[in-house]
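# Remarks on the overall topology
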Amino acid sequence: MFAVIGNMMYTVYMNGFYEAGRDRGHGIEVFESEGIKPHFHAQVEILCVTAGEVSVTINGVTERVSAGGICVSGSYDVHGYIMETDGVGIVLLFPLEYLRKYFVHTKDRVITRHVLYEKSIFTDIMALIALYNNHKDDENKLFEEGWCNTVLGVLFDALGFASSGVGGEVELIRAVFTYIREHYDEDLTLTSISKEFGYNPYHFSRLFNRFTNFRLKQYINSVRLEVALDKLKNGESVTDAAFNSGFNSMRTFYRDFTEFYGSTPQNYVRRQKGVDKKSRDK
């Protein structure tokens, strides 16, 4: 996945949990998504599907969104994307400092209509994306804030809003994401996590799967893989990176890493170092 922030392009590996770092000091982000595990943050996030289909899950509801569709995730909505064959989507993220007027208008309400299919709105949003790309190097704060307000203003009347009685399930999933991130190197199981949150394992498993489209173990290991990848990039050996990120079997680590990143750990890191070197040489 790549992101464009200001005049910089770089590879992005997003974590499936509360992205606290994303809520601190990020500028406008406009990038083509390759899919992302369920996560949440204070920022409003927009996905414009430009080709094919994308499987979108927001607060436990999954929908296949085809080209011309727009998905809007509000603050702290749990959301994730799976890119289907030929699926292409552009993500827009706005810094919190540019969302002040939006929050004034929404007050304590939450979005109820997350997916839009309105040709005129889609055309307008794509035109605004093109406008941003033409001016992203200007570093004009007034333009950036005005652009964010215009994008959200175009969408605002089409989105449904309701009072923020979202119930405890969304809050539970957010808490589980944070817990897994903080305890990834421990022996996390369905039994231990469901007990931590006071749920029957069977009910908890079904609830987690409905909200995330992931099996719990699959999700835990995906978080561990991202931690392991950071450790590999920082020079740890494959064995140390695997065990220090919570895996207790090298066989499981190799299998999951290859499935998740499409390459063995050694080849992936070698390829990434080659990409970084080419970027520095330009």
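Overview of the structure. A quick note: this is a predicted structure, and the numbers were derived from the prediction, not measured. (Residues numbered from 1 in each chain as written. Predicted model: local features only at pLDDT ≥ 70, side-chain atom pairs only at ≥ 80, totals over all residues. Heavy atoms only, no water.)

## A few points about helix H2 (residues 119-135)
The cut-off we apply is this: Where helices and strands are cited, they refer to DSSP runs of H or I of at least four residues and of E of at least two residues respectively, numbered from the N terminus. By definition here, a helix of n residues has an expected span of 1.5 Å times n minus one. To sort residues, take the accessible area from a 1.4 Å probe on protein chains only and compare it with the maximum for the residue type: under 20% means buried, over 50% means exposed, and anything in between is partly exposed. In this description, one arc is meant: the one made by directions from the helix axis to the C-beta atoms. Note on definitions: a residue-residue contact is assigned when non-hydrogen atoms from the two residues lie within 4.5 Å.
Given a rise of 1.5 Å per residue, 17 residues ought to cover 24 Å, and the 25 Å separating the end C-alpha atoms of H2 matches this to within 8%. Of all the positions in H2, only Ile121, Phe122, Ile125, Leu128, Ile129 and Tyr132 are classed as buried. The arc enclosing the buried residues of H2, seen along the axis, measures out at 125°, which places them on a common side. Exposed side of H2, more than 90 degrees from the buried face: Lys119 and Asn134 are the residues found there. Here the buried face of H2 lies against strand E3 (29-33), strand E5 (45-51), strand E8 (70-73), strand E10 (88-93) and helix H3 (141-156).

## Concerning the nonpolar core
Definition in use: In this text, buried Ala, Val, Leu, Ile, Met, Phe, Trp, Tyr and Cys residues form a nonpolar core when linked through side-chain atoms within 4.5 Å.
Ile46, Ile70, Leu92, Trp147 and Leu155 are the most contacted members of the largest nonpolar core, which totals 29 residues. When contributions to this core are tallied by element, the ones reaching two or more residues are E5, E8, E10, H2 and H3. The biggest single contributor to this core is H2, with 6 residues. What Leu92 contacts, discounting residues up to four positions off in sequence, is Glu29, Val30, Val44, Glu45, Ile46, Cys48, Ile129, Trp147 and Val151.

## Considering unusual backbone geometry
One non-glycine residue, Asn59, lies in the positive phi region at around 50°. Inspection of the secondary structure puts Asn59 in the loop between strand E6 (53-58) and strand E7 (61-66). We classify Asn59 as buried; its relative accessible area is 17%.

Don't take any of this as a statement about function, it's just geometry.
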